[in-house]
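Residues per chain are reported as follows:
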Amino acid sequence: MPELPEVEVVRRGLVDHLVGRGITTVEVLHPRAARRHAAGEADMIGQITGASVESAQRRGKFLWLPLTRGGDAADAAIVVHLGMSGQMLVGPGDDRHLRIRAGLSDGAVLRFVDQRTFGGWAVDPLVEVAGTLVPGSVAHIARDPLDPLFDRDAVIRRMKAKDTEIKRVLLDQTVISGVGNIYADEALWRSGVHGRRRASALTKPALGRLIDDATDVMRSALDQGGTSFDSLYVNVNGQSGYFSRSLDAYGREGEPCHRCGAPIVREQFMNRSSHFCPTCQRSPRW
């Protein structure tokens, strides 16, 4: 599933291609693509058609497009759920998995392609949370480390108060958003911390270093266009990211640790896979 760097790459592309354009037509080509819009597909199409895209916004892994009409301030947004394989593409392309097609006022076409049909669009009212307008469905999501208003000290305190595995805390989008399985493994490897260590057992300086390592690895991934393992994650032009070539832990089972040479280990965690170095990241003693 796309994490912060991948979603940010998409957001930046949408800024270039969508902001200031009107949406002239909307076609929903698969009912699952509109299933999150409670009032139904026809209502979603009606709310989008004729509106203009004011901006492209993101918090963590959540992406939305505030909509305006007739010069009024935006009070609703298209919330884009990328799911496992959702793509926001501008221009022509392979339409085998096309789920939503939107015509733009400049003649371009925005296409939502989703092979696995886990993603979709919904129109959501904007609400104010701590001085920032966000879709109501995103109001519970914490700020991410690339947010200018991210409060590092407050997040350290929240993490320290959690008596559960540190990887579970990193994946909790209500504590710190944007970090998913890939970048959690990478940050933990950089910090030399095993994902099953209790967050409450780590010192505040150690938690701060972990946040900093997560921030650094996501910035590095963003610089390389995100992490792509197959054709399911691409930017708005259909191009893949290259950070998968720079990974130190995730997906490297059996390969030598770049720090000590020990084989990277994979184990099950929360219905996912965790990758770590058994030498650099010692298992906790219970």
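Residues numbered from 1 in each chain as written. Predicted model: local features only at pLDDT ≥ 70, side-chain atom pairs only at ≥ 80, totals over all residues. Heavy atoms only, no water.

The next thing to look at is the overall build of the protein. If you tally the helices and strands in the protein, you get six helices and twelve strands. Its C-alpha radius of gyration of 20 Å places the protein within 12% of the 19 Å reference for a compact globule of 286 residues. For the protein, the C-alpha atoms occupy an extent of roughly 60 × 40 × 30 Å along the three principal directions. For the protein, the residues scored as buried account for 52% of the 286 residues in total. Residue pairs in contact within the protein that sit at least 24 positions apart in sequence constitute 61% of those at least 6 positions apart. Considering the protein, the positive charge centre built from 37 side chains and the negative charge centre built from 34 side chains are found 6 Å apart. (Helix = DSSP H or I, 4+ residues; strand = E, 2+ residues; numbered from the N terminus. Rg over C-alpha atoms; globule rule 2.2 N^0.38 Å. Buried < 20%, exposed > 50% of the residue type's maximum accessible area, 1.4 Å probe, protein only. Contact = heavy atoms within 4.5 Å. Lys, Arg positive; Asp, Glu negative; His and termini not counted. Charge placed at Lys NZ, Arg CZ, Asp CG, Glu CD.)

Glancing now at the pairing of strand β8 (residues 109-114). Across the six residues that make up β8, a large majority, five, are buried. Inspection of the sheet shows strand β6 (residues 86-90) paired to β8 by five bridges, in the antiparallel sense. Residue pairing for β8: L89 is matched across the bridge by R111. In terms of strand pairing, strand β7 (residues 98-104) meets β8 through five bridges, oriented antiparallel. Residue G103 lies in a different strand from β8, and its bridge partner there is V109. In sequence, β7 turns back onto β8 through a hairpin of four residues, with G107 there showing a positive phi of about 95°. (Pairing = 2+ DSSP bridges.)

What follows deals with the pairing of strand β5 (residues 76-81). Moving residue by residue along a regular strand, the side chains alternate between the two faces of the sheet. Here β5 lies mainly inside the structure; five of its six residues are buried. In terms of strand pairing, strand β4 (residues 62-68) meets β5 through five bridges, oriented antiparallel. Following the sheet pairing, L67 is matched in β5 by A76.

Reading across from one edge, β1-β7-β8-β6 is the order of the four strands in this open sheet, with antiparallel pairing throughout. This sheet does not close on itself; its edge strands, each paired only once, are β1 (23-28) and β6. Taken over all neighbouring pairs, the strand axes of this sheet differ in orientation by 15° on average, direction set aside. Here β1 runs beside β7; their pairing, made up of five bridges, is antiparallel. Note that in β7 the partner of T25 across the bridge is G103. Along the sheet, helix α1 (residues 4-18) contacts β6, β7 and β8; its crossing angle with β6, the most-contacted strand, is approximately 30°. Against the sheet, helix α2 (residues 41-48) contacts β1 and β7, and its axis sits at roughly 165° relative to β1. (Axes fitted to C-alpha atoms, helices over the stretch in contact; angles between N-to-C directions.)

This part covers the nonpolar core. Counting residues in each nonpolar core, the largest one holds 32 residues, and the members touching the most others are M159, I166, L170, V179, Y183 and I211. When contributions to this core are tallied by element, the ones reaching two or more residues are α1, α3 (152-160), α4 (166-170), α5 (181-191) and α6 (204-223). Per-element accounting of this core gives the leading share, nine residues, to α6. Judged by nonpolar contacts, the second largest core, of 30 residues, contains V26, I48, I100 and L110. (Core = buried A, V, L, I, M, F, W, Y, C linked by side-chain atoms within 4.5 Å.)

Looking now at the packing of α5 against α6. The relative placement of two packed helices comes down to the angle between their axes together with the axis-to-axis distance. Look at α5 against α6: their axes get within 8 Å of each other, and the N-to-C directions meet at 125°. Accordingly, the angle class assigned to the pair α5 and α6 is oblique. Viewed along their axes, α5 and α6 form a crossing whose handedness is right-handed. On α6, the residues touching Y183, E186, A187, L188, R190 and S191 of α5 are R209, L210, D213, A214, D216, V217, M218, S220 and A221. Residues of the contact of α5 with α6, tallied by class, amount to eight nonpolar, two polar and five charged. (Parallel < 35°, antiparallel > 145°, perpendicular 65-115°, else oblique. Left-handed = near helix turned anticlockwise from the far one by under 90°. Nonpolar A, V, L, I, M, F, W, Y, C, P; charged D, E, K, R; others polar.)

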